[in-house]
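Listed below, chain by chain, are the residues.
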Amino acid sequence: MALRVLRDIVNDIKGSDIYSIMADETADVSNTEQLVLCLRWVTDELTVHEDFIGMHPLNNTSADHITSIIKDVLLRLNLHIKNARGQCYDGATAMSGTKSGVATRFKALNKKCLYTHCYGHALNLAVCDSVKSVGCLKEVFETAFEICKLIKKSPKRDSKLDEIRKETKNEHGGIRTLCPTRWTVRGQSLNSLLQNFKELMQLWSWSLDHIQDTEMKARINGVKSVMPTFKFLFGASLGAMILRQTDNLSRTLQDPKLSAAEGQSVAKDVVKTLRKDRRDESFEFFWEQVLQRKETLGVEDPKLPRKRKRPARLEEGNAGTHHFPSTPKDHYRCIFFEAFDVVTTCIQSRFEQPDYQKYTMLQETTAECCQGLSIPEAAGRSLSVVR
C-alpha cells in the first residue's frame, strides 16, 4: 500500500516536472540519527503539495553523507536534480555551509536549486540568540525551565498544584511547558508562570515540608528564592511581551499557503511592531504594569545591581565613560531597550536570505505577468533562474 502511494506521488511530481527538496535530520527515541525527506511540488492548477518520502538512517551527519543519501533517494524515484527548483533545510553548517554544505553541493549541480533556511528554524534561532544575549531574559528562562521540570516530571507536585489552583479558584490555565522545540508557546509559558505565581509559591512551601531528598530540596529552594525577586518578575513580563509577537509570527509562517513575499512582509511587520514598542512611552506603561503586579504578588522592590569595577582593558584609550544607572528604574529601562534592540536585530539578520529574495522577485514577476503588466527590467533579469 505504501509503495503504491509513493509511486502515485512520484508520478504526479514527474507530471509537474519541477519540485523542491525539504530535509531535516533528527534523532529518534532509540537515539538513532535519521534524515527526514519531503518533496514539495505544484500542480498545473497551482495546488501546492508537500509529500513525506521517508526517513533514512544516518551513519554520520556530514554534508557528504547527507548529500549522497538525498541523491540516492532522487535516483531511486527517477527524479532528476536538474528539475529541482528549491531546497529547504535548517541552518546547521552541514546543511547550509557556504563552502561544502548540502545546499552548496546541490547548487553546484543545478544553480536554479535555490536554498532557503527554514523560516521556522530561523525564527527559533533568532529568539534563542536574543534570550542568550540579554542576561535578564537568560536567567528568567533558566528558572522557567527548572520550574517546568520540577512540576511536569513529578505527578505528585503536578496534582498538588491543581489542588491549590482549585482552592484559590484560579481561572487561568495551568503551567505551560517551556519546550525548546515548540516554537509558538514560549510567551504563553512565561504568562502561565505569572498567572500561577501565588499557587507556585504555595506549592514550593508544601513540597519542602513533604520531601526528604536533599538535592531536590536545594532545587526547590533555588526557584523559591528567585521567583519573589523583582528581576524575575520584570524579566518574565518582558519576555512574555516580546515573545507574544514572535509566537504570532511563528504561527503565521507555518501556514502552508504562505507565499515568499508574504513571509517576508509578515516578518517585516513584526519588526516594525517591536520597534514601535521600543519607546519611552511604552516603557513607562510597562513599568507601571510591572509595579502593580509586584504589589499584587508580594514581590520585593526593585534594586540596583551591585556596582562592579570597570575592567582595566576598557579604561585604556578612548573607551568612553562607564555609565552606571543611578536608579533601579534607569537600570531596567536599559534592559528593556536592549531586549528590543537585540530581538529586532536577530530577526532581521536571520531573515535576510539572498536566495529567498530571488523567490520574492520571481513571485512578483509572475503576478505582474498574470495581470498583463509590463515586467520591470530588474524582475526580468531574475527570470534567468527559472526554466
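Residue positions are counted from 1 within each chain, in the order its sequence is given. In view of the model being predicted, local features appear only for residues whose pLDDT reaches at least 70, and side-chain atom pairs are presented and counted only at 80 or more, with totals across whole chains, interfaces and linings using the full set of residues. For side-chain calculations, the full set of non-hydrogen atoms in the structure is used, while hydrogens and water are omitted.

Under an unreviewed UniProt entry, the chain has the name Zinc finger MYM-type protein 1 and belongs to Holothuria leucospilota.

Attention now moves to the overall build of the chain. Here a helix means four or more residues in a row that DSSP labels H or I, a strand means two or more in a row labelled E, and each is numbered from the N terminus. When helices and strands are counted, the chain shows 16 helices and five strands. Categorising residues by exposure relies on relative accessible area from a 1.4 Å probe, with only protein chains included: less than 20% of the type maximum marks a residue as buried, more than 50% marks it as exposed, and the intermediate range marks it as partly exposed. Per-residue burial over the chain gives 42% buried out of 387 residues. Sequence separation of at least 24 residues holds for 68% of the intrachain contacts in the chain that already meet a minimum separation of 6. Surface summary for the chain: the accessible area is close to 21,500 Å², and the carbon and sulfur share equals 52%. Should any heavy atoms of two residues lie within 4.5 Å, those residues are considered in contact. Surface accessibility in these figures is a Shrake-Rupley result with a 1.4 Å probe; residues are shielded only by whichever protein chains are displayed.

The terminal C-alpha atoms of helix α11 (residues 230-253) lie 34 Å apart, and with 24 residues this matches the ideal 34 Å at 1.5 Å per residue to within 8%. Bend at a given residue is defined as the angle between two axes, one fitted to the seven residues that end at that position and one fitted to the seven that begin there. At L243, α11 is deflected by roughly 30°, the largest bend along its length. With 19 of its 24 residues buried, α11 lies for the most part within the structure. Here the expected span of a helix is defined as 1.5 Å times the quantity of residues minus one.

Bringing empty space enclosed by the protein into the picture now. Think of a 1 Å grid over just the protein atoms. A cavity is a set of points where a 1.4 Å probe fits yet cannot get out, a pocket is an open set with protein on both sides within 12 Å along at least five of seven lines, and lining residues have an atom within 4 Å of a point. Grid points are joined across faces, edges and corners, and a volume is the space filled by probe spheres set on the points. For the structure shown, the criterion picks out one cavity of 30 Å³ or more. Considering only enclosed or pocket space, the largest cavity measures out at about 70 Å³ in volume. Around the largest cavity sit V127, S130, V131, L137, G239, I242, L243, T246, A339 and V343, which together line it. Within the residue set of the lining of the largest cavity, elements represented by two or more residues are α5 (119-133), α11 and α14 (328-351). No other element matches α11, which puts four residues into the lining of the largest cavity.

Each nonpolar core is a collection of buried residues, namely Ala, Val, Leu, Ile, Met, Phe, Trp, Tyr and Cys, held together in the definition by side-chain atoms within 4.5 Å. Residues I147, L200, W204, F234, L238, F336 and F351 are the most contacted members of the largest nonpolar core, which totals 70 residues. Looking at which element gives the most residues to this core, the answer is α11, with 12 residues. Leaving out residues up to four positions away in the same chain, F234 has contacts with C136, F283, F286, W287, V290, Y332, I335 and F336. Residues L35, I53, I69 and A84 belong to the second largest nonpolar core, which totals 25 residues.

Working definition: a ring pair exists when centres of Phe, Tyr or Trp rings (six-membered ring for Trp) sit within 6.5 Å. Plane angles under 30 degrees give stacked, over 60 give edge-to-face, the rest tilted. Taken as a whole and judged by the stated rule, the model has 15 aromatic pairs. With centroids separated by 5.4 Å and ring planes inclined at 65°, the aromatic side chains of F230 and W287 adopt a geometry described as edge-to-face. Placement of F230 in helix α11 and of W287 in helix α13 (residues 280-297) is noted, with a sequence separation of 57 residues between them. Overall, F230 belongs to the buried group, its relative accessible area being 1%. Taking the centre distance of 5.6 Å and the plane angle of 75° together, the rings of F336 and F337 count as edge-to-face. Across the pair, F337 and F336 agree in class, each one buried. An aromatic cluster of at least three residues, connected via ring pairs, comprises F230, F234, F283, F286, W287, Y332, F336, F337 and F340.

One bridge is not enough; two strands pair if DSSP finds at least two bridges between them. Reading across from one edge, β3-β2-β1-β4-β5 is the order of the five strands in this open sheet, with mixed pairing throughout. Among the strands making up the open sheet, the edge pair consists of β3 (48-57) and β5 (114-117). If you compare each strand with its neighbour and ignore which way they point, the axes differ by 20° on average. Pairing of strand β1 (residues 19-27) with strand β2 (residues 33-42), which is carried by eight bridges, proceeds in the antiparallel orientation. Each bridged residue has a counterpart across the sheet, and for T26 the counterpart in β2 is Q34. Lines fitted to C-alpha atoms define the axes here, with helix axes fitted over just the stretch in contact, and angles between the N-to-C directions of these axes take values from 0 to 180 degrees.

On a regular strand, one side chain projects to one face of the sheet and the next to the other, so that they alternate. When β1 meets strand β4 (residues 84-89), the two strands line up parallel, connected through four bridges. In the strand pairing of β4, M22 is matched with C88. Once β1 ends, the chain turns through five residues before running back antiparallel as β2, passing N31 with a positive phi of about 65°.

On to the pairing of β2, then. As judged from the nine bridges shared by β2 and β3, these two strands associate in the antiparallel manner. Bridge pairing in β3 links Q34 to P57.

It is worth spelling out the layout of surface pockets at this point. Taken as a whole, the second largest pocket encloses approximately 490 Å³ of empty space. Put simply, the parts of the chain that give the lining of the second largest pocket at least two residues each are α6 (135-152), α11 and α14. Under the convention adopted here, Pro, Cys and the residues Ala, Val, Leu, Ile, Met, Phe, Trp and Tyr are nonpolar, Asp, Glu, Lys and Arg are charged, and Gly plus all remaining residues are polar. Grouping the amino acids of the lining of the second largest pocket by side-chain chemistry returns 11 nonpolar, five polar and five charged.

This paragraph deals with a nonpolar patch on the surface. Each patch is built from residues that are more than 30% exposed by relative accessible area and take part in no salt bridge. Like charges join if they lie within 9 Å; nonpolar side chains (Val, Leu, Ile, Met, Phe, Trp, Tyr) join within 5 Å. A pairing counts as a salt bridge when a side-chain nitrogen of Lys or Arg comes within 4 Å of a carboxyl oxygen of Asp or Glu. Together, V42, L46 and V48 give the surface a local cluster of nonpolar side chains, amounting to about 270 Å² of exposed area. Here V42 is to be found in strand β2.

Further remarks concern the pattern of salt bridges. This model, assessed by the stated rule, comprises 15 salt bridges. In this structure, the salt-bridge partner of E284 is R333, at a minimum N-O distance of 3.4 Å. You can see E284 sitting in helix α13 and its partner R333 sitting in helix α14, a full 49 residues away along the chain. Here R333 ties to D330 by a salt bridge, and the two come within 4.0 Å at their closest N and O atoms. Here R333 pairs with D330, and both are found in helix α14, just three residues apart, close to one helical turn.

What follows covers the environment of A27. As for its placement among the helices and strands, A27 is situated in strand β1. Taking the C-alpha atoms as reference points, A27 and P57, 30 residues apart in sequence, are found 9.4 Å from one another. In this view, A27 contacts T32 and E33; residues no more than four positions away in its chain are not counted.

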